[in-house]
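What the coordinates show
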Amino acid sequence: MIGTYWLPKHRGICMMRYMKLHISQAFPSTLSKAVDVGLVMAVIFGLTLKPSYAYLDPNTGSYMIQMAIAGAFAGLFAIKSFWTQIKTFINAKLRSRQKKS
Amino acid sequence: MSSALITPDTASFRDPSGHIFRLNHIIYRQVNLSYKQNYDLLLSSGLYQALIDARLLVAHSEVKLKEISDVAAYTIIKPDQLPIISYPYEWSFSQLQDAALATLQIQKIALDYGMGLKDASAYNIQFVDGRPTLIDTLSFEAYEQRPWVAYNQFCQHFLGPLALMSLVDVRLNRLLREYIDGVPLDLVARLLPGKARLKPSLLAHIFLHASSQLKHAKPQPGKKVDKTLTMSRRSLDGLIDSLHSGVSGLSFSIPKTEWADYYAANNNYLDKAMKAKHKMVFDYAKAMKPKVVWDLGGNTGQFSRLFSDKGITTVCWDIDPVAVEMNYQLVKKNNEKYLWPALQDFTNPSPALGWNHQERLSLSERGPVDVVLALALVHHMAIANNVPLEKVATFMHSLTKKGLVIEFIPKQDSQVQLLLSSRQDIFDTYTKEGFEAAFRPYFTINESKLIPGTKRWLYRMSTHR
């Protein structure tokens, strides 16, 4: 299912396998569910094709892990931003009610 | 570039976008034609002005120099000149943390203007008017939907060292002195306690990151990593936000150290004597009309502020990370513009580091400065560290152009007695006469006075040149 979004199927699956490997090395089992959710988001917020030129070597390992986790954090960021909007809306409503009263 | 008066900066050679040079003691930056589009975009997009308004980027003006005839040059800029350069291994926890947060803030603003940071070196940040400020105007490039090229550098320069300082020991910032391009993440991961994995940002940006780097450390023949993959803006925003949470979620609570409560609990001055010492120190230094003062072993900056409060650029060096931290908190609280708190161990001062020993300047290469204060310091060098007084004098001479305000504390003083209590007294020449004899070859002793209510002597000396 993951691979059916707007990126090549094999790339999403590779990313999932890649992350699983590193998570099992760096953090034994307990957060695996949360990480699975993160991985889904990682792939959902996915990837497109473009060449890259830079004077700094991004480091292959850094490059790969960044691609994988950035999507997960994008999901969290989206939730956080949404929650902030809700809070702002509620606070504004409460303030206007207080003013009226 | 034409010769004679122009000195290329020895640390500015990695980025082909341009380089720094000095001409008649003024610092300039050459912007190369290869960076033209990005430089123009920085100005035309409004990003430059936004960062100047936020006081996050050093301001510059474009200049024409007849001495420059480099065909690769697009333009020459003259940035606001910095009175002092300090390095990340000389910063306290909060200084490094604020520098990290400033870097992320700059990246966020840059993205809003269609650009991004192409590097995230801690050495690109300097404290200007007490605030962390980006000094590399050529750090920006047009944003294309790619992963952050400086992600690894940010983690190695900022997040990793901060995590170690916060969760293991604040003195681990010294690792930045050993690892000039930031602390390797596999080392950070090995040194951090297990509980660090419970912080999602550290789990991701340190542990998983280090694991990924180890896996890809050796290129596998025939297997090419696809570096053409790109990343959405939303993902990059999430990454930056996560790094921000990771950095701001780390803290350092001030413990009691040998020096942090020195003035409150552990000195030989009554209020009246301290006031008298303040006046004597200020009058002695003022006689030399300093524009820049270095206060060696200045603790939390009590004497430094005699000068910085009057608009004199003052660096307060101290060995104790807690004292430097407390000093920096005061600088922030009072919006002080002229005081630079910085870490320095004078028995092992910052060396010249990096390529050809020239990328990061040693302490003495950043001097000499107009006036050096050495208050209640000599006994630590001479007795606690067995440095002969002649060598102390030579060292002080290398740091000051005009002169020295220096305190001599004799053996009869209780603080020196304390140093001698656990060891044999092998310091026969540690007397007032021995002290003066050691300094006379390098300085003229202009005046000296007994500090009221103490056994301590204060000297004003002018440098032999």
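Procedures and definitions
- Residues numbered from 1 in each chain as written.
- Chains lettered and ligands numbered in written order.
- Predicted model: local features only at pLDDT ≥ 70, side-chain atom pairs only at ≥ 80, totals over all residues.
- Heavy atoms only, no water.
- Salt bridge = Lys/Arg side-chain N within 4 Å of Asp/Glu carboxyl O.
- Helix = DSSP H or I, 4+ residues; strand = E, 2+ residues; numbered from the N terminus.
- Buried < 20%, exposed > 50% of the residue type's maximum accessible area, 1.4 Å probe, protein only.
- Axes fitted to C-alpha atoms, helices over the stretch in contact; angles between N-to-C directions.
- Parallel < 35°, antiparallel > 145°, perpendicular 65-115°, else oblique.
- Left-handed = near helix turned anticlockwise from the far one by under 90°.
- Contact = heavy atoms within 4.5 Å.
- Nonpolar A, V, L, I, M, F, W, Y, C, P; charged D, E, K, R; others polar.
- Pairing = 2+ DSSP bridges.

Observations concerning the pattern of salt bridges
Residues and elements named next belong to chain B. For the structure shown, the criterion picks out 25 salt bridges over all chains. Residues K118 and D15 are paired through a salt bridge, measuring 2.9 Å at the closest nitrogen-oxygen approach. In this pair, K118 sits in the loop between strand 6 (115-117) and strand 7 (125-128) while D15 sits in the loop between strand 1 (6-8) and strand 2 (18-23), placing the two residues 103 residues apart along the sequence. For the residue pair K118 and D15, the accessibility class agrees, reading buried in each case. Each member of the salt-bridge network shares a partner with another, and the members are K277, E407, D413 and R456.

A word on the packing of helix 14 (residues 389-399) of chain B against helix 16 (residues 432-439) of chain B
Residue and element names in this part refer to chain B. Running from N to C, helix 14 and helix 16 cross one another at 45°; their axes reach a closest spacing of 8 Å. Judged by the inter-axis angle, helix 14 sits oblique to helix 16. As helix 14 packs across helix 16, the resulting crossing turns out to be right-handed. Packed against helix 14, whose contacting residues are L389, E390, V392, A393 and M396, the element helix 16 presents G434, F435, A438 and F439 at the interface. When grouped by side-chain class, the residues that make up the contact of helix 14 with helix 16 number seven nonpolar, one polar and one charged.

Quick word on the pairing of strand 16 (residues 443-450) of chain B
Looking along a regular strand, one sees side chains alternate from face to face of the sheet. All names here are of chain B. Where strand 16 and strand 17 (residues 457-463) come together, seven bridges link them in antiparallel fashion. Counterpart to T444 in the pairing with strand 17 is S462. Hairpin connection, strand 16 to strand 17: the antiparallel pair is bridged by six residues, and G453 has positive phi, about 80°.

Topic: the packing of helix 3 (residues 60-100) of chain A against helix 7 (residues 200-215) of chain B
The axes of two packed helices give the description: the angle between them and the distance between them. Two elements in contact, helix 3 of chain A and helix 7 of chain B, have axes separated by 8 Å at closest approach and are oriented at 150°. Considered as vectors, helix 3 of chain A and helix 7 of chain B are oriented roughly antiparallel to each other. For the pair helix 3 of chain A and helix 7 of chain B, the sense of crossing is right-handed. Packed against helix 3 of chain A, whose contacting residues are G61, S62, M64, I65, I69 and F73 of chain A, the element helix 7 of chain B presents P200, A204, H205, L208, H209, S212 and Q213 of chain B at the interface. Looking at the contact of helix 3 of chain A with helix 7 of chain B residue by residue, the class counts come to seven nonpolar, six polar and no charged.

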